[in-house]
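# Working through the structure, step by step
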Amino acid sequence: MSVAEKNIYFIGIGGIGMSALARYFHQTGKQVAGYDRNISDLSKRLQAEGIAVNHILEEDAIPFNCREKEDTLVVYTPAIADDNPILTYFQENDFRCLKRAHVLGLLSQGMKTIAVAGTHGKTTVSSMIAFLLQEAGIKVNAFLGGISHDFGTNLILHPEAEYMVTEADEYDRSFLQLFPQIAVITSMDPDHLDIYKNEEDMIGTYQAFCRQIEEKGTLFTKMELLPDLEPSADLKLKIYGDHGKDIKVENLKVETGDYHFDLIYGEKRIEGLCCGIAGRHNVENASVAISIALELGVSEAQLKKSMPRFRGVKRRFDVHLKQEDFVYIDDYAHHPQEIKSLLQSVREMYPNKEITAVFQPHLYSRTKDFGAEFAEELAEADQLILLELYPAREEPIEGIDSRWLAKQVKKENVHVLQKAQLLTHIKERKIELLLTIGAGDIDTLVQPIIEHYEA
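About the criteria used
Residues numbered from 1 in each chain as written. Predicted model: local features only at pLDDT ≥ 70, side-chain atom pairs only at ≥ 80, totals over all residues. Heavy atoms only, no water. Pairing = 2+ DSSP bridges. Helix = DSSP H or I, 4+ residues; strand = E, 2+ residues; numbered from the N terminus. Axes fitted to C-alpha atoms, helices over the stretch in contact; angles between N-to-C directions. Contact = heavy atoms within 4.5 Å. Patch = residues over 30% accessible without salt bridge, like charges linked within 9 Å, V, L, I, M, F, W, Y side chains within 5 Å. Areas by Shrake-Rupley, 256 points an atom, 1.4 Å probe, with all protein chains shown as cover. Salt bridge = Lys/Arg side-chain N within 4 Å of Asp/Glu carboxyl O. Lys, Arg positive; Asp, Glu negative; His and termini not counted. Charge placed at Lys NZ, Arg CZ, Asp CG, Glu CD. Buried < 20%, exposed > 50% of the residue type's maximum accessible area, 1.4 Å probe, protein only. Polar contact = N/O pair within 3.5 Å; in protein donor to acceptor, adjacent residues only side chain to side chain. Arc of directions from axis to C-beta. 1 Å grid on protein atoms, 1.4 Å probe; cavity = no way out; pocket = protein on both sides within 12 Å on 5 of 7 lines; lining within 4 Å. Points joined across faces, edges and corners; volume = space filled by probe spheres on them. Nonpolar A, V, L, I, M, F, W, Y, C, P; charged D, E, K, R; others polar. Expected span 1.5 Å × (residues − 1).

### Concerning the sheet that holds strand S1 (residues 7–11)
- Across the sheet, which stays open at both edges, the 5 strands sit in the order S3-S2-S1-S4-S5 with parallel pairing between neighbours. Both edges of this open sheet fall to strand S3 (52–54) and strand S5 (96–99), since each of them pairs with a single strand only. When strand polarity is set aside, the average angle formed by the axes of neighbouring strands in this sheet is 20 degrees.
- Sheet topology places S1 next to strand S4 (residues 72–76); 5 bridges connect them, and they run parallel. Along S4, the bridge assignment pairs Ile11 with Tyr76.
- Here helix H4 (residues 100–108) sits on the sheet and contacts S4 and S5; the angle it forms with S5, its principal contact strand, is near 90 degrees.

This is the structure in structure tokens:
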């Protein structure tokens, strides 16, 4: 590990990727503290684990030990504004300040890294891989982009870990800090066009990531992505998905909400596998995770035992209530293709239920760039509610908000509500299947919704 400092200060510590790093350093004996603008449930959990977190945007709130320049590393996210007073204090006083992705790259040095990239599915696939390896007794560290239901955290840490599993995030070109032995690229749908000049710029960055896979390493991807990726000849290619050449799903069937299937992996055929989480897209995710586990020597028998036990990741097709007359599912989907997969899976599992979807748009730029696509996919819900747009790091774009998006949807009676109005609204209606969707702070409504329907 190339981090000699004894104090680590995080600016934006409440983010899912930052909190995993904070936990890592805390559990390895560093003095960890940080700032976040909101004290969220995740921040409160960090505080309960002994990490000092505050939301005061002033340099006076920085702990005294973290003002010792020679002994303090500062870690920040690309979402932090350049004029943030805390970041400015550290930079003006010549502290070592590194972006989160740079630090993750340092931690991967000297380890066999398995990196999962792509517009969709990163968190689920990386969590599946980490779960299957750990279940098989393989020592692994994992930095996950969500809270695993199996581990109750976004960090898996083993003092003798040989492998590191991590998401390879395309935002801010973060994944170019990684040099994996095994890489997965799930998809390359346009996204983060606030970072990339255009789709060609984004594809070029994925090509650069491919070039960083270790010599004679392995790339798992889909046939339709190969022409754009242009992988080097020394890589071992494993093709999965609908046009899988090396990895194929066969005999897929749904029984009592569970997906059962056979998997072809090269010359192997594993019959009678069961995916422990819902959604046809998660069978595809499972196929690549299982294949990587097979590549690393996990037995077929072990995988048939482990895969049905995988419980997934918080806010990824999270089935909170499953009653005869009511179902409630929460999902992090924030891209049109993710919403399409989500609604298709819900329709397949519950063909006779009316779907009421509540969507919170995330980012002005994403909403503007993909307004037509969002409108097309959201129209597939029977009833649609849009919450006010969640801006995250962005300043407003004139004319772009949830009302603008509602007008794009070819559907009558699209409701636009403030977040505080949602509970009252749904209490007044008979709902058969409720979906809450989005990457903003819509998750703060999950527990109140559960409590209402349980009562």
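### Overview of a negative patch on the surface
- Judged by side-chain charge, Glu58, Glu59, Asp60 and Glu92 come together as a negatively charged surface patch.
- Relative to the helices and strands, Glu58 resides in the loop between S3 and S4.

### Let's talk about the pattern of salt bridges
- If you walk through the whole model with that rule in mind, you get 25 salt bridges.
- Measuring nitrogen to oxygen at the nearest pair gives 2.9 Å for the salt bridge that ties Glu250 to Arg269. Of this pair, Glu250 sits in strand S13 (residues 247–255) while Arg269 sits in strand S15 (residues 268–275), and the two are 19 residues apart along the sequence.
- Between Glu388 and Arg403 there is a salt bridge, with its nearest N and O atoms 2.9 Å apart. Separated by 15 residues along the polypeptide, Glu388 in the loop between strand S19 (383–387) and helix H13 (402–408) and Arg403 in helix H13 bring together distant segments of the chain.
- If you follow the salt bridges from partner to partner, you end up with Glu250, Asp262, Arg269 and Glu271 in one network.

### Describing the pairing of S13
- The sheet contact formed by S13 and strand S14 (residues 258–265) spans 7 bridges and is antiparallel. When the sheet's bridge partners are listed, Val254 is paired in S14 with Tyr259.
- Between S13 and the antiparallel strand that follows it, S14, lie 2 residues; Thr256 among them carries a positive phi value of about 50 degrees.

### Looking at the environment of Gln134
- In this structure, Gln134 sits in helix H5 (residues 122–135).
- The class for Gln134 is partly exposed, based on a relative accessible area of 35%.
- A C-alpha to C-alpha distance of 25 Å links Gln134 and Gln177, two positions 43 residues apart in sequence.
- Among residues more than four places away in sequence, those in contact with Gln134 are Val140, Phe151 and Ile156.

### Description of the side chain of Asp330
- Inspection of the secondary structure puts Asp330 in strand S17 (residues 327–331).
- Accessibility expressed as a relative area gives 1% for Asp330, which makes it buried.
- Within the local environment of Asp330, its side chain forms a polar contact with the side chain of Thr436, the two groups lying 2.7 Å apart.
- Discounting residues that sit within four places of it in the chain, Asp330 has contacts with Arg315, Arg316, Phe317, Asp318, His320, Thr436 and Val446.

### A look at unusual backbone geometry
- Even without a glycine there, the phi angle at Asp172 is positive, about 60 degrees.
- Mapped onto the secondary structure, Asp172 falls in the loop between strand S9 (163–168) and strand S10 (182–185).
- Overall, Asp172 belongs to the partly exposed group, its relative accessible area being 23%.
- Although it is not a glycine, Glu230 adopts a positive phi angle of roughly 50 degrees.
- When you line up the elements, Glu230 lands in the loop between helix H7 (226–229) and strand S12 (236–240).
- Assessed through its relative accessible area of 55%, Glu230 is described here as exposed.

### Observations regarding helix H2 (residues 41–48)
- The complete set of buried residues in H2 reads Leu42, Ser43 and Leu46. Mapping the buried residues of H2 onto a view down its axis gives an arc of 100 degrees, with all of them on the same face. Along H2, the residues that are exposed and aim more than 90 degrees away from the buried face are Asp41 and Ala48.
- Along its buried surface, H2 packs onto helix H1 (16–27) and S3.
- Once H2 ends, the next one or two residues include Gly50, with phi positive near 100 degrees.

### Points about the layout of surface pockets
- The calculated volume of the second largest pocket comes to roughly 270 Å³.
- Around the second largest pocket, the lining comprises 20 residues; the ones closest to its centre are Gly276, Ile277, Ala278, Phe317 and Val319.
- Along the lines of polarity and charge, the residues of the lining of the second largest pocket split into 10 nonpolar, 4 polar and 6 charged.

### Comments concerning H1
- When the terminal C-alpha atoms of H1 are compared, their 17 Å separation across 12 residues agrees well with the 16 Å that a helix rising 1.5 Å per residue should span.
- Within H1, 9 of the 12 residues are buried, which leaves the element mostly enclosed by the surrounding structure.
- Among the residues of H1, those classed as buried are Gly17, Met18, Ser19, Ala20, Leu21, Ala22, Arg23, Tyr24 and Phe25.
- Residue Gly29 follows H1 closely and has a positive phi angle near 100 degrees.

### Quick word on the environment of Pro159
- Position of Pro159 relative to the elements: it lies in the loop between strand S8 (155–156) and S9.
- The exposed category is assigned to Pro159, whose relative accessible area is 81%.
- Along the chain, Pro159 and Asp330 lie 171 residues apart, while their C-alpha atoms are 34 Å from each other.

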